[in-house]
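# Per-entry structural report
Here is what each chain is made of, one letter per residue.
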Protein chains: 2
Amino acid sequence: MTIKVGIAGYGNLGKGAEKAVCAANDMTLTGIFTRRNPESVHPVSQVPVYSLDDAEKFKDEIDVMILCGGSATDLPEQTPALAALFNVVDSFDTHARIPEHFAAVDAAAKKAGTTAAISIGWDPGLFSLIRVLAGSILPDGETYTFWGKGVSQGHSDAVRRIEGVKDAKQYTVPSQAAMDAVRNNERPELSTRQKHTRECFVVAEEGADLERIENEIKTMPNYFDEYDTTVTFITEEEMAASHSGLPHGGFVLRSGKTGDKNHLIEFSLKLDSNPEFTASVLTAVARAVARMNKEGLTGAKTIFDIPASYLSEKSPEELRAHLL
Amino acid sequence: MTIKVGIAGYGNLGKGAEKAVCAANDMTLTGIFTRRNPESVHPVSQVPVYSLDDAEKFKDEIDVMILCGGSATDLPEQTPALAALFNVVDSFDTHARIPEHFAAVDAAAKKAGTTAAISIGWDPGLFSLIRVLAGSILPDGETYTFWGKGVSQGHSDAVRRIEGVKDAKQYTVPSQAAMDAVRNNERPELSTRQKHTRECFVVAEEGADLERIENEIKTMPNYFDEYDTTVTFITEEEMAASHSGLPHGGFVLRSGKTGDKNHLIEFSLKLDSNPEFTASVLTAVARAVARMNKEGLTGAKTIFDIPASYLSEKSPEELRAHLL
């Protein structure tokens, strides 16, 4: 069975999904759906581009829609709306609002008989899965999540909004000492400051007050004030040459005990491109969603509800024979 | 709902399962079932011990039976037989015979309306799960599994069978250079010799020919001839003091690409006690098996078929709110 896929949104994540869908042997990309003027969008794969407003016309031509909008304003609206028409998968990552997003999407999907996977990617997503697995296996234990080294787009944007800043890139960096203590089964209590540091690379406007910029960054509430932050001023050329990518990654660790025996479970990712990897997870889950819907498993799902076999192109027999 | 659990077999694995079941808030241990004389078995938890031949009498008193026998001769017989009576979980780990074991257990479980999870533990088990997840997300990539550093009981036994050997312990050690190459996204082709080395600690009988023993170990077909092996002769006291545990662990890595971007997925375990950790996985899956059976999901299952939410004591709402 070939799975017919649509992509809603064509930013970094949508471009990554296009790449991943085109690389999958069992999928075809039907089209890209955008809120922009479709004629202004030129996909690398040259698939047709349609207006998102016309999505409903493709109800019978798409098995699953991969939603590549943002969590702040796009997905809370788009996921329930599109789940009323299609099987969908999204990367909703506003942790605090997941229960309400789940409820809205579940209602729409159940009513329409569709299957909708939400909060898919690596965190939430793969990291969440490891947190649940590890916590279930080692109930007497402590789970730690570290992010980075990688680019935080939210923090980079926050720095860019400061007066006198022309461009900026912020890296979240996990503390080696904190990770060593966890790996050593010390089960440390770690403050926000002890877990991560923040590194900012800033291109300043000509004549800007660098001291003021540095101070504004380091004292910015929510974003930087609880962290040890370094600020390095660089040239535009240096920014382009050394900081143009969107690498990311991180670690989930669980240190637990059975009686007096220590056990450490560790999962980590080291990604050259955060959006391309996230899109690859969305694409594998799109396969699962299409299959689950065929089996009558409808409503909202998270990574906790999806058996691994549904993600794979391979048959259950192949998986058991070669990967078990 | 409290899950009533039975344990079949009381070796290292059964003792680990006893510990894990007693530590779970939602489980009670109904009894231990043994092929030995029940009066000769004295469980740490003081639960009743019964003859395995009497298991059928407990059909309605046990929600799930954790099978703790060996893969060579016990499980091929016990798992289908007990799946005809109970929901079961086993740790069958003879990779080459998994398809035939699955078929036998599936037939018995389907006929009886029970749920039977096979090949559960960390490899097969958690490592298999990561292999499927990682391969599904990064189809253009290569997966590597490294074991150790840890005790291989099969190899330790093989050394013990050599004439003049009083006691022996064999450690499987992953090659740092090979892992570094994988982590460096070089996607190396690795021979058996390049992936692992083997370290043997041997207590020889008095007057034994040490040179002959060392040579017999290093040239032993299947077990050692394809590896670089070191043999160290030690005293009985040293064996007891430094090599009495059963630590193990290992690594699953997938290095993959999306276009020109590299991504590395890594999962690792560092375990003080291989049987206690394996039993902890069996126990979490026992919870899943009991739940799946209540929902009518019968037949043989592997870790690929089990959604993570079924493994956790926590409700789906709690998992979404706190771990997603």
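Residues numbered from 1 in each chain as written. Chains lettered and ligands numbered in written order. Predicted model: local features only at pLDDT ≥ 70, side-chain atom pairs only at ≥ 80, totals over all residues. Heavy atoms only, no water.

### Focus on the overall build of chain A
Rules: We count a stretch as a helix when DSSP gives it H or I for four or more residues in a row; a strand needs E for two or more, and each element gets its number in order from the N terminus. Radius of gyration here uses only the C-alpha atoms, and the compact-globule reference equals 2.2 Å multiplied by the residue count raised to the power 0.38. For every residue, the accessible area obtained with a 1.4 Å probe (protein chains only) is divided by the maximum for its type, and the residue is called buried under 20%, exposed over 50%, and partly exposed between those limits. Contact definition: two residues touch when any of their heavy atoms are within 4.5 Å. All accessibility values rest on the Shrake-Rupley procedure with a 1.4 Å probe; residue burial counts only the protein chains present in the view.
When helices and strands are counted, chain A shows 11 helices and 14 strands. Whereas a compact globule of 324 residues would reach a radius of gyration of roughly 20 Å, chain A reaches 22 Å, a difference of no more than 12%. If one aligns the C-alpha atoms of chain A with their principal axes, the spans along those axes are about 60 × 60 × 35 Å. Among the 324 residues that make up chain A, the fraction classed as buried is 58%. Within chain A, counting contacts between residues at least 6 apart in sequence, those at least 24 apart form 69% of the total. Surface summary for chain A: the accessible area is close to 13700 Å², and the carbon and sulfur share equals 46%.

### Side note on the pattern of salt bridges
Heads up, the rule is: Should a side-chain nitrogen of Lys or Arg be within 4 Å of a carboxyl oxygen of Asp or Glu, the pair is scored as a salt bridge.
This structure, assessed with the given rule, holds 38 salt bridges over all chains. Measuring nitrogen to oxygen at the nearest pair gives 3.0 Å for the salt bridge that ties D167(B) to R160(B). The exposure class assigned to D167(B) is partly exposed, which follows from its relative accessible area of 27%. Three or more residues are tied together by salt bridges with common partners; here these are D26(A), R287(A) and E313(A).

### A closer look at the sheet that holds strand β9 (residues 165–174) of chain A
Residue and element names in this part refer to chain A. Worth spelling out the cut-off: A pair of strands is treated as paired once DSSP finds two or more bridges between them. Every axis corresponds to a line fitted to the C-alpha atoms, with the helix fit spanning only the stretch in contact, and the corresponding angles, defined between N-to-C directions, vary from 0 to 180 degrees.
Taken in spatial order, the 4 strands line up as β8-β9-β10-β11 in an open sheet, and their pairing is mixed. Among the strands making up the open sheet, the edge pair consists of β8 (150–151) and β11 (228–233). The pairing of strand β10 (residues 196–204) with β11 spans 6 bridges and is classified as parallel. The partner of V202 across the bridge, within β11, is F233. Of the strands in this sheet, β8, β9 and β10 touch helix α5 (residues 153–160), which is tilted by about 145 degrees from β9. Sitting on the sheet, helix α8 (residues 210–218) is in contact with β9, β10 and β11, with an inclination near 150 degrees to β11.

### Let's talk about the interface of chain B and chain A
Put simply, the rule reads: When two parts are brought into contact, each loses some accessible area as probed by a 1.4 Å sphere; the total of that loss over both is the buried area. Two N or O atoms count as a polar contact when they lie within 3.5 Å, although within protein this holds only if one can serve as hydrogen donor and the other as acceptor, and sequence-adjacent residues are included solely when both atoms are side-chain atoms. The nonpolar class holds Ala, Val, Leu, Ile, Met, Phe, Trp, Tyr, Cys and Pro. Asp, Glu, Lys and Arg form the charged class, and all remaining residues, Gly among them, are polar.
The partner chain A presents 55 residues to the 55 residues of chain B that form the contact. Overall, the association of chain B and chain A removes approximately 4900 Å² of surface from exposure, summing both partners, and the carbon and sulfur fraction of that is 67%. When the buried surface of chain B facing chain A is broken down by residue, F304(B), R320(B) and L324(B) rank first, second and third, together holding 16% of it. On inspection of chain B and its partner chain A, the count reaches 0 salt bridges. Viewed at the interface, chain A and chain B are joined by 20 residue pairs in polar contact (both at pLDDT 80 or more). Going through the elements one at a time, α3 (98–112), α4 (126–137), β13 (261–271), α10 (274–294) and α11 (316–322) of chain B are the ones with two or more residues in the side of chain B that touches chain A. The element that contributes the greatest number of residues to the side of chain B that touches chain A is β13(B), accounting for 11 residues. Of the residues assigned to the side of chain B that touches chain A, the class counts are 29 nonpolar, 14 polar and 12 charged.

### Here's the deal with the pairing of β13(B)
With 9 of 11 residues buried, β13(B) lies mostly within the body of the structure. Where strand β13 (residues 261–271) of chain A meets β13(B), 9 bridges bridge the pair, whose relative direction is antiparallel. Bridge pairing in β13(B) links F267(A) to F267(B). Judged from the 11 bridges that link them, strand β12 (residues 248–258) of chain B and β13(B) form a sheet pairing that is antiparallel. Of the residues in β13(B), the one forming a bridge with G250(B) is L269(B). Hairpin connection, β12(B) to β13(B): the antiparallel pair is bridged by 2 residues, and G259(B) has positive phi, about 60 degrees.

### Notes on the environment of H196(A)
Residue and element names in this part refer to chain A. Inspection of the secondary structure assignment puts H196 in strand β10. Between the alpha carbons of H196 and H322 there is a distance of 39 Å; along the sequence they are 126 residues apart. Setting aside residues no more than four positions away along its own chain, H196 makes contact with T145, F146, W147, T172, V173, P174, S175 and Y227. There is a polar contact of 2.8 Å between the side chain of H196 and the backbone nitrogen of W147.

### Focus: the packing of helix α2 (residues 74–83) of chain A against helix α3 (residues 98–112) of chain A
Residues and elements named next belong to chain A. Applicable threshold: Convention used here: angles under 35 degrees read as roughly parallel, angles over 145 as roughly antiparallel, angles from 65 to 115 as roughly perpendicular, and any remaining angle as oblique. Each crossing gets its handedness from the near helix: less than a right angle anticlockwise from the far helix is left-handed, clockwise is right-handed.
At a closest axis distance of 7 Å, the pairing of α2 and α3 adopts a crossing angle of 15 degrees. Judged by the angle between their axes, α2 and α3 are roughly parallel. Crossing hand, α2 versus α3: right-handed. For the pair α2 and α3, contact is made by L75, P76, T79, P80 and A83 and by H101, A104, V105, A108, A109 and A112, respectively. For the contact of α2 with α3, a count of residues per class yields 9 nonpolar, 2 polar and no charged.

### Remarks on the relation of the copies chain B and chain A
As a reminder of what qualifies: The least-squares superposition of copies is restricted to C-alpha atoms, and to residues with a pLDDT of at least 70 in both copies.
In screw terms, the move from chain B to chain A is a rotation of 180 degrees and a rise of 0.0 Å along the axis, fitting with an RMSD of 0.0 Å. What the rotation and shift describe, once combined, is the action of a two-fold rotation axis. With an isologous cut-off of 70% or more, the 100% of interface residues of chain B that recur at the interface of chain A puts this contact in the isologous class.

### Considering the environment of K15(B)
Take K15(B): it is sitting in helix α1 (residues 12–23). In this structure the C-alpha to C-alpha distance between K15(B) and I32(B), which are 17 residues apart in sequence, comes to 9.7 Å.

### Here's the deal with unusual backbone geometry
Of note, the amide linkage connecting D123(B) to P124(B) takes the cis form, showing an omega dihedral of 0 degrees. Tracing the backbone through its elements, the reader meets P124(B) in the loop between β6 (115–117) and α4. Look at the link from G148(B) to K149(B): it is a cis peptide, with omega at 0 degrees. Despite not being glycine, S119(A) has its phi angle at roughly 60 degrees, a positive value.

### Some remarks on α3(A)
Let me state the cut-off plainly: How far a helix is expected to stretch is found by multiplying one less than its residue total by 1.5 Å.
Taking 1.5 Å of rise per residue, 15 residues should cover 21 Å, and α3(A) covers 21 Å from first to last C-alpha, within 8% of that figure. All buried positions along α3(A) are accounted for by I98(A), H101(A), F102(A), V105(A), D106(A), A108(A) and A109(A). Turning to α3(A), the residues buried within the fold contact α2, β6 (115–117) and β14 (299–301) of chain A together with α11 of chain B. Backbone geometry just after α3(A) places G113(A) at a positive phi near 75 degrees.

### Quick notes on the sheet that holds strand β7 (residues 141–147) of chain B
With antiparallel pairing, the 6 strands of this open sheet are ordered in space as β7(A)-β12(A)-β13(A)-β13(B)-β12(B)-β7(B). Of all strands in the sheet, those with a lone pairing partner are β7 (141–147) of chain A together with β7 of chain B, marking the two edges. Put simply, the sheet's adjacent strands are angled 5 degrees from each other on average, direction ignored. Sitting on the sheet, helix α10 (residues 274–294) of chain A is in contact with β12 (248–258) and β13 of chain A together with β12 and β13 of chain B, with an inclination near 70 degrees to β13(B). Sheet strands in contact with helix α6 (residues 176–183) of chain B are β7, β12 and β13 of chain B, and its direction is about 30 degrees off that of β12(B).

### Quick look at the nonpolar core
Keep this limit in mind: Nonpolar cores were defined as sets of buried Ala, Val, Leu, Ile, Met, Phe, Trp, Tyr and Cys residues, with membership established by side-chain atoms within 4.5 Å.
Counting 155 residues, the largest nonpolar core has F277(A), V285(A), F277(B) and V285(B) as its most contacted members. Leaving out residues up to four positions away in the same chain, V285(A) has contacts with V89(A), A117(A), I120(A), I303(A), I306(A) and L311(A). With 13 residues, the next largest nonpolar core counts V159(A), I162(A), A168(A) and V202(A) among its residues.

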